[in-house]
Amino acid sequence: MFTKALVSILSLALIVGAVPPKKATCSKGRTASDARCCVWFDVLDDIQENLFDGGECGEEVHESLRLTFHDAISFSPKLCREGKFGGGGADGSIMAFAEEETSFEASIGLDEIVGEQKPFALAHKVSFGDFIQFAGAVGVSNCVGGPRLQFLAGRSNDSRVSPDHLIPLPTDSVDSILSRFADVGFTPAEVVDLLASHSVAAQDHIDPAIHGSPFDSTPSAFDAQVFVEVLLKGTAFPGNGSQPGEVLSPYPGEVRLQSDALIARDPRTACEWQSFVSNHDLMVQRFTKAMAKMAVLGNDVRTLYDCSEVIPVPKPAASKVAHLPAGKTLKDIEHACKATPFPTIKADRGPETSIPVVPPS
């Protein structure tokens, strides 16, 4: 009898243990696994409508994604080991101390998106560090083929001005860039993974004369075009001649960063770069993993809680394989990965055309 009773108790415990925890009810009938995540549904509604123009993948998305990186990478364990302040990482300091940090050479122009975002963070009473990472994750989910990034909340608003010179510049050497990332625990391959963000990016300050010039021909789609087009032979500068941090572009209207061109051709990173050309899913998977790592730099993840369920599910990619822009052939590719041949990909039909700028909102 005792044995049967014990079995019954254990069976009941297993049944109770199998019952999923009750979800919190949030606004508009939505639910969250953690009640603390409910506020982010309200933030989501607000920024999709009033920051991202109804859920577009446009200029504010590009700048919001850039901001996640500039806030997070401002962290140096090396400086900390030397007894110096090494920055707080993804702590929102670039928003808390915008006047100082957006004047850093690497962050010129970010004062605009910081100014746009800050009122939302204040209105919803969320921390700057949380808001920056949330806005970046929501924004890139608006891009066709984009990732659904992890979002952990719970950062405080306790921050200090980050030290300058921690954010890589497009004029930096590959050695310098890889060293900076190694300081925060990223491998050369993970640096390439993060550069998938340049698939939905444009420049405003490399050459102000051509404000909004994209880094590839599809700046509203999270695809592998940038990994093809950066490897094309450069032919001309799209604006007012060569600018610091810019090298010859392969296509009218497209800007090529010096750092991208060098990383794409460096033996330490070239094969990772090439691996995404014919594998969109791999690019998204590795970008998502690298971003999850970057978004918590400087934070104790044990103090954060997972609100990823609030991030929208992106629309699927139109194609899983990149293509050559019209007017280009495989002979225009500067193949750099010695381990594997460059994938055979198709070219768009028609003559070469100029790539339009990303329009301002």
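Residues numbered from 1 in each chain as written. Predicted model: local features only at pLDDT ≥ 70, side-chain atom pairs only at ≥ 80, totals over all residues. Heavy atoms only, no water.

An unreviewed UniProt entry lists the chain under the name Peroxidase, from Lentinus tigrinus ALCF2SS1-6. The UniProt entry for the chain carries the following comment under Sequence similarities (unreviewed entry): "Belongs to the peroxidase family. Ligninase subfamily." (UniProt positions renumbered as here; feature names shortened; annotations may be inferred.)

Enquirer: Help me out: how do you make sense of the environment of Glu99 in this one?
Expert: Assignment of secondary structure puts Glu99 in helix α6 (residues 98-101). The class of Glu99 is exposed, set by a relative accessible area of 72%. Sequence spacing of Glu99 and Gln48 is 51 residues, and the spatial spacing of their C-alpha atoms is 26 Å. (Helix = DSSP H or I, 4+ residues; strand = E, 2+ residues; numbered from the N terminus. Buried < 20%, exposed > 50% of the residue type's maximum accessible area, 1.4 Å probe, protein only.)

Enquirer: Can you walk me through the state of the cysteines in this structure?
Expert: Cysteine pairs can be linked by a disulfide, which is a covalent bond between their two sulfur atoms. As enumerated under the stated definition, the model contains four disulfides in all. Disulfide pairing is shown between Cys37 and Cys307; the S-S distance is 2.0 Å. The S-S bond linking Cys37 to Cys307 shows a torsion near -80 degrees; that makes this disulfide left-handed. Of the two residues, Cys37 sits in the loop between β2 (31-32) and α2 (38-50) while Cys307 sits in the segment after β8 (305-306), which places them 270 residues apart along the sequence. The buried category is assigned to Cys37, whose relative accessible area is 0%. Disulfide partners in the chain, listed by the sequence order of the bonded cysteines, are 1-3, 2-7, 4-5, 6-8. (Disulfide = S-S within 2.5 Å.)

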